[in-house]
Amino acid sequence: MTSSGINGRKRRVLRLLWLAVVAAVWAGCGDGRTAVTVYSPHGRDLLQLMESAYEAQNPEIDIRWLDMGSQEVYDRIRSERANPQATVWFGGPAALFSRAAEEGLLRTFVPTWSSAVEDQAKDADGRFIALYRTPPLLVFNREAVSAEEAPTDWSDLLDERWAGEVIIRDPLASGTMRTIFGGVLARAVTADGSEDAGWSFLRSLDSQTKEYVHSPALLHEKLIRQEGLVTVWEMTDILSLVNRGAPIDFRFPTSGTPVIADSVALVDQAPEQEAAEAFVEWLGSEEALGLAAAEAFRLPARTDIPAASLPPWSERVLDELVSEEVDWDLIEERGADWMTTWDREVRGQGP
């Protein structure tokens, strides 16, 4: 067969595949339901849980979600400003939502349960609000690291014992890691008016770090396979892994940890806003928060949810968690520049 014949055959195959994709899309759009498109870093387990529960009660609604890092959600919503594709942004640190709000990417909506969320965990103008409290943890492989050896505070990560044994989620794609690194620098500024101590810590941590990985799934796999022995990551993923029998354990930093106000918002100028409002209203209901706590290890941001009504895992969390006072305004103001500086001047610079 000639090269032109082969190329023609490839084009026909590609065209058939494209038509199949288009047909599938139209089939999904033609079932009579109202589509609510959700961008979220929350992962398949929680997203499927929320989708199934909500659609069971609202059969006229089709929840469609796309799972990606919170920084990637922000970047995508920003790039789609002229033609929004997502209706709901579900999950990520409040500092990232605040930046999006100031850029006019989010629409005001105040759910009925807003008064039960602390002021520092929601936007004063109603453009975003926290659903969950998500603290970062110190995490280790318990088959390779004993409880006595495990790091108990941030500074312990710099111990020579962990040289080349630290793996970290790439901060440029992760709102969680941006918050952790921003917290380090904000803490330094609060303590002595200078970022110097914060940059010193991050450079030392870089020298300890074996690898910056692109996704949470890869971070988990490498930790389980002992390709790295310690890391820092957010509570919900780690509790889920422990529940599944993964050989890992965690510690809450004794000096405190910056508790992330894991938020939700409506995308400005997006379609189906009324249906999106109803979905966000339900996400913050006692029913949905209870489901997320029981099945997906989410700690509610609402202060009117009694601790006694939460599942057993929350007892250790509420007992050991030390919430650190953080200058969130400073992280919001300087966070993007800090990450640019870190990427250019710190990443990979350690021995």
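Residues numbered from 1 in each chain as written. Predicted model: local features only at pLDDT ≥ 70, side-chain atom pairs only at ≥ 80, totals over all residues. Heavy atoms only, no water.

## As for the overall build of the protein
Counting secondary structure elements, the protein contains 12 helices and 12 strands. The C-alpha atoms of the protein give a radius of gyration of 22 Å, which matches the 20 Å a tight globule of 351 residues would have. In terms of overall dimensions, the protein has C-alpha extents of about 65 × 60 × 40 Å along its principal axes. For the protein, with 351 residues in total, the buried portion stands at 52%. (Helix = DSSP H or I, 4+ residues; strand = E, 2+ residues; numbered from the N terminus. Rg over C-alpha atoms; globule rule 2.2 N^0.38 Å. Buried < 20%, exposed > 50% of the residue type's maximum accessible area, 1.4 Å probe, protein only.)

## Here's the deal with the nonpolar core
Counting 56 residues, the largest nonpolar core has Phe181, Leu202, Met235, Ile238, Trp313 and Trp342 as its most contacted members. The element that contributes the greatest number of residues to this core is helix α5 (residues 175–192), accounting for seven residues. Apart from the residues lying within four places of it in its own chain, the contact partners of Trp313 are Met235, Leu239, Ala293, Phe297, Arg298 and Leu299. Residues Ile61, Val117, Phe279 and Leu289 belong to the second largest nonpolar core, which totals 51 residues. (Core = buried A, V, L, I, M, F, W, Y, C linked by side-chain atoms within 4.5 Å. Contact = heavy atoms within 4.5 Å.)

## Let's talk about the packing of α5 against helix α12 (residues 328–345)
Between α5 and α12, the least distance of the axes is 9 Å, while the angle of their chain directions is 110 degrees. On the basis of the axis angle, α5 is roughly perpendicular to α12. Classified by chirality, the crossing of α12 by α5 is right-handed. In contact with Arg178, Thr179, Phe181, Gly182, Gly183, Leu185, Ala186 and Val189 of α5, α12 contributes Trp328, Leu330, Ile331, Arg334, Ala336, Trp338, Met339 and Trp342. (Axes fitted to C-alpha atoms, helices over the stretch in contact; angles between N-to-C directions. Parallel < 35°, antiparallel > 145°, perpendicular 65-115°, else oblique. Left-handed = near helix turned anticlockwise from the far one by under 90°.)

## Comments concerning the packing of aromatic side chains
What the rule picks out here adds up to 10 aromatic pairs. An aromatic cluster is present here, built from Tyr54, Phe279 and Trp282 joined pairwise through their rings. A cation over an aromatic ring shows up here: Arg99 above the ring of Tyr74, its NZ or CZ 4.9 Å from the ring centre. Here the basic side chain of Arg347 rests over the ring of Tyr212, its NZ or CZ set 5.4 Å away from the ring centre. (Phe/Tyr/Trp six-rings, centres within 6.5 Å; stacked < 30°, edge-to-face > 60°. Lys NZ or Arg CZ within 6 Å of the ring centre and 35° of its normal.)

## What to know about the packing of α5 against helix α6 (residues 196–208)
Closest axis-to-axis distance for the α5/α6 pair is 7 Å, and the angle between their directions is 145 degrees. Judged by residue contacts, Phe181, Val184, Leu185 and Ala188 of α5 engage Ala197, Gly198, Trp199, Phe201, Leu202 and Leu205 from α6.

## Quick look at α6
The end-to-end C-alpha separation of α6 is 19 Å, in line with the 18 Å expected for 13 residues at 1.5 Å each. Among the residues of α6, Gly198, Trp199, Phe201, Leu202, Leu205, Asp206 and Gln208 are the ones counted as buried. (Expected span 1.5 Å × (residues − 1).)

## Quick notes on the pattern of salt bridges
Per the stated rule, a full pass over the model turns up 26 salt bridges. With its nearest N and O atoms 3.5 Å apart, the salt bridge here joins Arg33 to Asp62. Of this pair, Arg33 sits in the loop between α1 (3–29) and β1 (34–40) while Asp62 sits in strand β2 (residues 61–67), placing them 29 residues apart in sequence. Exposure remark for Arg33: the relative accessible area of 31% places this residue in the partly exposed category. Arg187 is the salt-bridge partner of Glu324, the closest N and O atoms lying 2.6 Å from each other. Separated by 137 residues along the polypeptide, Glu324 in the loop between α11 (313–320) and α12 and Arg187 in helix α5 bring together distant segments of the chain. For Arg187, a relative accessible area of 30% corresponds to the partly exposed category. Counted as one network, the salt bridges with shared partners bring together Glu211, Glu221, Lys222, Arg225 and Glu227. (Salt bridge = Lys/Arg side-chain N within 4 Å of Asp/Glu carboxyl O.)

## Structural notes on the environment of Glu332
The topology assignment puts Glu332 in helix α12. Separated by 269 residues in sequence, Glu332 and Ile63 have C-alpha atoms that sit 30 Å apart. Setting aside anything within four residues of it in sequence, one finds Glu332 in contact with Ala95, Ser98, Arg99 and Glu102. Here Ser98 takes part through its side chain, which lies 2.7 Å from a polar atom of the side chain of Glu332. (Polar contact = N/O pair within 3.5 Å; in protein donor to acceptor, adjacent residues only side chain to side chain.)

## What about the confidence of the model for the protein?
Of the residues in the protein, 91% have a pLDDT of 70 or more, and the chain-wide mean is 90. For residues 10–29, every residue scores under 50 in pLDDT, and the model assigns this stretch three contacts once sequence neighbours within four places are set aside. (pLDDT = per-residue confidence, 0-100.)

## Quick word on the pairing of strand β5 (residues 129–134)
Across the six residues that make up β5, a large majority, five, are buried. Summarising the sheet, β5 and strand β11 (residues 260–267) pair through five bridges and their orientation is antiparallel. Bridge assignment links Arg133 to a residue of β11, and that residue is Ala261. Where β5 lies against strand β12 (residues 299–300), two bridges are found, and the strand directions are antiparallel. Looking across to β12, one finds that Arg133 is bridged to Leu299. (Pairing = 2+ DSSP bridges.)

## Comments concerning unusual backbone geometry
The backbone of Gln226 sits at a positive phi, close to 65 degrees, despite the residue not being glycine. Secondary-structure assignment places Gln226 in the loop between α7 (216–224) and β9 (230–234). A positive phi angle is found at Phe297, which is not glycine, with a value near 60 degrees. One can find Phe297 in the loop between α10 (286–296) and β12.

## Examining the pairing of β11
Burial analysis of β11 places eight of its eight residues in the buried class, the great majority of the element. Bridge analysis of strand β3 (residues 88–90) against β11 gives three bridges, and the strand direction is antiparallel. Opposite Trp89, over in β11, you have Ala265 as the bridge partner. As paired elements, strand β4 (residues 106–107) and β11 share two bridges and run antiparallel to each other. Residue pairing for β11: Leu106 is matched across the bridge by Val267.

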